[in-house]
Amino acid sequence: MAPENEAQQAVPNAPGKRTDGGVTRRRPLRERHVEETIEVAVPVRTAYNQWTQFKTFPRFSALVHAVEQIRPTMTAWTIGYGPLRRRFAVEILEQDPDAYLAWRGLEQNPSHQGEVEFRPTESGGTAITVRMLLTPQGAARILTRSSRATRLTARLVRGELVNFKRFIEGLGQEGGAWRGTIRNGRVQHDHPEPPRSRVAQWPVG
Amino acid sequence: MQNSPGEEPETSLSVTPPKKWAAGVPAVVHALEYSLEQTSPRKTGVDLLTMNQVGGVDCPGCAWADPAPGRRHRNEYCENGAKHINDEATTRRITAGFFREHSVSDLAARSDLWLNQQGRLTEPMIKRPGSEHYEPVSWSDALGVLAQELNGLASPDEAVFYTSGRASNEAAFVLQLFARAFGTNNLPDCSNMCHESSGFALSETLGTGKGTVSLDDLHHADLIFLVGQNPGSNHPRQLSALEEAKRNGCRIVAVNPLPEAGLRRFKNPQKPSGLLGRGTQIADRFLHIKPGGDLALFQALNRLLLEAEDAAPGTVLDHDFIDAHTTGFEEFAQHARTIDWDDVHTATGLTRAEIEKVRDEVLNSERVIVCWAMGITQHKHAVPTVREFVNFLMLRGNLGRAGTGACPVRGHSNVQGDRTMGIWEQMPDTFLDALRREFGFDPPRPHGLNSVNSIKAMREGRVKVFLALAGNFVRAAPDSEVTEEAMRSCRLTAHISTKLNRSHTVCGDTALILPTLGRTERDVQADGEQFVTVENSMSEVHTSQGRLEPASPLLLSEVAILCRLARRTLDGKADIPWDKFEGDYGTIRDHISRVVPGFHDFNARVSRPGGFQLPNPVNEGVFNNKVGKALFTSNEHVVPRAPEGHLLLQTLRSHDQWNTIPYTNNDRYRGIHGSRHVVLVNPADLTELGLAQGDHVDLVSVWADGSERRAENFEVVPYPAAKGSAAAYYPETNVLVPLDSVADISNQPTSKGIVVRLEPTVDRTRPTPA
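Quick caveat, the model's predicted, so the values are computed rather than measured.

Regarding its fold elements, chain B presents 33 helices and 33 strands. Relative to the 2.2 N^0.38 estimate, which gives 27 Å for 770 residues, the radius of gyration of chain B is 25 Å and therefore close to what a compact globule would have. Principal axes of the C-alpha set define a box for chain B whose edges measure 75 × 60 × 55 Å. Residue burial in chain B is summarised as follows: out of 770 residues, 62% are buried. In chain B, of all internal contacts separated by at least 6 residues, the share reaching a separation of at least 24 is 80%.

So, in structure tokens, the structure goes:
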């Protein structure tokens with residue numbers, strides 16, 4: 001069983017702005033209320049591919065009970081503890097294979113956004129960094145104003161990262177992959193015809 | 001339970017003020033009242049509690065999507081769905097004695113309501129040439145007569161195979177396979193008359209004929225347009241989605257010639273606040289538009305958006321999307337700036353200030369969806385109007401992102417799936433090639449006949465056999481007198497039906513009634529109990545399985561009837577395992593998985609709770625049209641006009657009606673009670689025309705051919721219809737829609753925007769139309 005502080009032991013390559021052909025990608029998240037990093041002992045491609053199989057989160061997560069992949073840019077998550085359940089929709093704003101993923105919740109209350117970075121480490125593993133920002137509205141804003149709420153969120157994120165590490169290291173290889181790219185919440189089509197798009201093309205009355 | 005009515009219900013009109021909200025307690029009461037009139041409390045309970053549930057029966061009413069498994073209410077249906085499903089589950093039965101008592105001409109004089117109220121068909125019937133009565137016939141003889149007639153045709157193209165949107169994917173696939181193995185592409189369907197215009201416009205501009213949104217998109221949109229649709233009566237479960245959107249802060253703009261109750265406020269009967277409280281306001285802004293003015297409205301909006309971008313460059317339009325994913329923007333923008341504000345006002349009846357307020361709503365919204373229905377698609381310029389919706393969405397990148405998109409709201413539960421299965425007269429070679437590879441015969445390549453052209457061909461004697469898989473073609477089609485003449489010209493007409501309707505009474509020399517299982521009933525075949533599959537308006541494919549015992553042991557399923565007919569007709573001409581298809585619908589799905597794109601592993605995937613969703617290419621950054629990019633279009637400006645003394649008529653359904661079938665003569669949301677022979681007209685127009693409430697008028701339509709089309713003896717009701725317009729019920733006023741009056745490009749009949757004049761009824765003793 002991995003120690004709880006394992007998440008803090010990762011030594012990632014220095015994170016920096018991601019550039020691709022000289023173009024700096026927009027990152028939606030500027031404030032970093034919660035940031036946790038973990039190193040997993042699988043190649044970055046494996047880690048990324050498994051992470052983006054969102055439907056499998058309930059297999060390792062203590063909080064996530066179900067994930068519906070509505071389409072590549074949209075998922076609905078059911079999380080909960082004990083008998084409590086909450087479902088919310090999430091939009092994926094940016095996704096770069098083997099590198100980066102940014103999302104935002106579509107609910108108004110509470111709203112949240114986050115990003116995940118995948119970086120290869122010198123040892124051949126992957127450093128995964130999750131940053132999350134919660135912006136509760138109304139009464140929830142008062143309840144979560146204290147630093148205790150932030151610490152709780154950080155602990156939950158760290159716990160989930162540890163769970164993921166055990167999961168992917170135990171499996172050794174990913175159980176699927178989606179290698180598309182998303183920019184500004186829209187899938188970038190850079191292949192002649194992605195397999196999922198092979199559908200009936202005739203008019204529907 | 002009540003017995004079927006012996007006589008026509010009396011019609012006596014009373015009018016009350018239109019309702020300002022939809023659903024609530026009255027919806028529950030009316031649903032249960034009608035259900036218990038038709039069937040037992042036990043059957044009502046079984047139907048309603050399994051309806052739209054995982055593993056249960058799919059509501060045959062509309063094509064609205066179900067919430068994800070686990071998120072469905074215990075009562076996941078609406079008032080109209082409850083009525084519809086128990087209308088099918090009725091305990092009333094039609095037997096051979098009924099047909100001995102009622103001649104075909106007697107039945108042809110009956111109303112749609114009376115015919116439907118007689119109950120379920122229970123055994124195959126035939127009307128032989130020269131006979132005035134249907135009589136019982138064995139299944140073997142019935143299918144033998146039909147097969148012999150088909151094989152006696154000079155060409156397979158002398159037969160037409162019509163499909164209604166109730167048919168399952170399996171039945172639809174089998175029907176098109178049979179028709180093509182027989183040798184024709186004559187496969188008209190009800191899509192030809194409802195959303196054909198949407199399909200053509202979306203395919204051309206986006207490369208998909210289907211809508212791009214899911215329920216979750218609607219729930220998380222910032223702004224939703226409801227254009228030319230009446231969700232309160234025609235797809236009430238949409239109101240729940242709109243309510244959730246409102247809860248998430250969405251604003252709604254409704255655009256319609258009538259201020260329908262469901263566009264104003266919704267009292268959700270699933271919630272205490274809906275039963276006891278004020279409910280949810282639906283439209284934040286209502287645009288009381290003239291019929292057919294929607295094209296001009298969206299052209300004006302687009303011009304305003306372009307001008308807003310001019311004033312603050314880089315802040316209004318989504319240039320990243322436009323540059324990377326679209327083509328035709330410059331020509332479109334140039335054309336959009338030429339629209340004339342006087343024309344916009346004439347076409348829409350709206351002021352520039354009203355439209356500018358809507359522009360502001362758009363500018364304040366990051367995620368926008370446009371929903372529309374037949375208030376758009378049944379106009380002559382329907383295709384350009386839908387194209388203009390696409391232009392509007394693309395300007396600010398409202399496609400392919402969460403909470404955005406195009407949402408054609410379809411009306412019949414599997415109308416989308418039937419088309420996906422190949423029910424179309426113009427199927428592309430890719431599909432026909434796949435059929436050839438799978439079944440080893442060469443399907444015919446020339447395009448077949450759509451609904452309008454089928455009527456013309458029947459009338460001219462070019463089509464001699466008409467087979468309908470469900471539906472009520474005679475009443476759904478335009479130009480009723482012409483359609484009826486066409487049907488009567490056929491040598492043989494045959495209908496696979498659950499209940500009696502006018503299409504059985506207006507028939508060919510020989511006529512067959514082939515009674516079939518309803519959605520609500522158990523379907524047991526050689527391989528055991530079967531389920532069927534359907535595809536809803538949001539491209540989700542799932543199962544449907546009835547739980548009730550069949551209305552008669554002599555009923556066959558739609559699939560069984562078609563497979564037996566195919567065996568009798570083709571007699572081994574093609575190597576198609578019809579007997580396996582009949583015994584195990586899973587074998588049909590196996591073949592579908594290899595023929596229809598997107599259906600791989602069909603049996604396995606559809607067996608999961610909730611089924612699966614077909615991907616939409618637009619949401620994956622793919623535009624499968626001719627240019628490979630989303631296409632901006634420049635659409636001619638259209639100003640619908642009626643000559644002096646005339647009005648623009650729209651035909652519409654009442655609240656107590658499902659497609660061509662009224663359940664009562666009431667329309668309580670509009671305050672109409674006891675009669676359907678009414679015409680709703682703006683009070684100012686009535687004054688100008690010298691008419692008053694209670695006057696009786698004939699509706700006379702004006703068309704280029706000079707033929708007089710007249711709907712007689714309608715009572716005038718002052719109503720807040722848009723100035724210059726009138727509204728009257730479908731299908732009673734289909735007689736006014738000329739067969740040649742079709743939408744440009746899509747060939748869809750124009751049941752909206754018909755130019756009519758109101759003439760005082762001379763002889764009020766004449767019977768009102770059936």
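This is not the end of the story, as more comes after the structure.
All names here are of chain A. Where strand β6 (residues 84–96) meets strand β7 (residues 100–105), 6 bridges bridge the pair, whose relative direction is antiparallel. Looking across to β7, one finds that Ile-92 is bridged to Trp-103. In this structure, β7 lies alongside strand β8 (residues 111–120), joined through 5 bridges in antiparallel fashion. Considered in β8, the bridge of Ala-102 is made with Glu-115.

Another point: the sheet that holds strand β2 (residues 22–23) of chain B. Residues and elements named next belong to chain B. On the basis of which strands lie adjacent, the open sheet formed by 3 strands has the order β2-β10-β11 and mixed pairing. Looking at strand neighbours, the two that pair on one side only are β2 and β11 (280–281), the edges of this open sheet. Direction of pairing for strand β10 (residues 265–267) relative to β11: antiparallel, over a ladder of 2 bridges. Of the residues in β11, the one forming a bridge with Arg-265 is Gln-281. Packed on one face of the sheet, helix α13 (residues 237–247) meets β2, β10 and β11 and runs near 105° to β10.

Counting 230 residues, the largest nonpolar core has Val-174, Ile-224, Val-370 and Val-679 of chain B as its most contacted members. Among the elements that make up this core, the one with the highest residue count is helix α8 (residues 169–182) of chain B (10 residues). Once residues within four sequence positions are removed from consideration, Val-174 of chain B is found in contact with Val-559, Leu-562, Cys-563, Phe-581 and Ile-588 of chain B. Grouped together as the second largest cluster of nonpolar side chains are 35 residues, Ala-89, Leu-93, Leu-106 and Leu-161 of chain A included.

By domain assignment, chain B separates into domain 1 (20–88), domain 2 (103–194 + 417–615), domain 3 (196–408) and domain 4 (647–760). Here domain 1 of chain B and domain 4 of chain B have C-alpha centroids that lie 30 Å from each other.

So, on to the interface of chain B and chain A. Contacts between chain B and chain A engage 42 residues on the former and 30 residues on the latter. Looking at the side of chain B that touches chain A, the elements with two or more residues in it are α9 (191–194), α10 (196–206), α11 (215–219) and α23 (415–420) of chain B. Per-element tally for the side of chain B that touches chain A: the top contributor is α10 of chain B, with 4 residues. Split into classes, the residues belonging to the side of chain B that touches chain A amount to 13 nonpolar, 21 polar and 8 charged.

Of the positions making up helix α27 (residues 480–488) of chain B, those classed as buried are Ser-480, Val-482, Thr-483, Glu-484, Ala-486 and Met-487 of chain B. Considering only its buried residues, α27 of chain B is in contact with α25 (451–459), β16 (465–469), α26 (473–476) and β17 (492–497) of chain B.

Here the focus is the pairing of strand β32 (residues 725–729) of chain B. Residue and element names in this part refer to chain B. Most of β32 sits inside the fold, with 5 of its 5 residues counted as buried. Sheet topology places strand β25 (residues 647–652) next to β32; 5 bridges connect them, and they run parallel. Of the residues in β32, the one forming a bridge with Thr-651 is Ala-728.

Our focus in this paragraph is the confidence of the model for chain A. Residue and element names in this part refer to chain A. Confidence in the prediction of chain A, expressed as mean pLDDT, is 81, and 74% of residues score 70 or more. Averaged pLDDT values over the elements of chain A bottom out at 37 in strand β2 (residues 23–24) and peak at 97 in helix α1 (residues 44–51). When the criterion is pLDDT under 50, residues 1–32 qualifies, and its contacts beyond four places in sequence or with other chains add up to 50 contacts.

All names here are of chain B. Taken in spatial order, the 3 strands line up as β21-β22-β23 in an open sheet, and their pairing is antiparallel. Each end of this open sheet is capped by a strand with a single partner; those strands are β21 (532–535) and β23 (612–613). Strand direction decides the pairing type here: β21 and strand β22 (residues 540–544), joined by 4 bridges, are antiparallel. Bridging across to β22, Thr-533 finds its partner in Thr-543.

For the rest of this paragraph, the subject is the UniProt feature "domain: Molybdopterin dinucleotide-binding" (unreviewed entry) in chain B. Mapped onto the present numbering, the UniProt feature "domain: Molybdopterin dinucleotide-binding" (unreviewed entry) falls on residues 647–753 of chain B. Its end C-alpha atoms 9 Å apart, residues 647–753 of chain B is made of 7% helix and 36% strand.

Basis of the calculations
Residues numbered from 1 in each chain as written. Chains lettered and ligands numbered in written order. Predicted model: local features only at pLDDT ≥ 70, side-chain atom pairs only at ≥ 80, totals over all residues. Helix = DSSP H or I, 4+ residues; strand = E, 2+ residues; numbered from the N terminus. Rg over C-alpha atoms; globule rule 2.2 N^0.38 Å. Buried ≥ 20, exposed ≤ 12 C-beta atoms within 10 Å, placed from the backbone. Contact = placed C-beta atoms within 7 Å. Pairing = 2+ DSSP bridges. Axes fitted to C-alpha atoms, helices over the stretch in contact; angles between N-to-C directions. Core = buried A, V, L, I, M, F, W, Y, C linked by C-beta atoms within 7 Å. Domains from an automatic or database assignment. Nonpolar A, V, L, I, M, F, W, Y, C, P; charged D, E, K, R; others polar. pLDDT = per-residue confidence, 0-100. UniProt positions renumbered as here; feature names shortened; annotations may be inferred.

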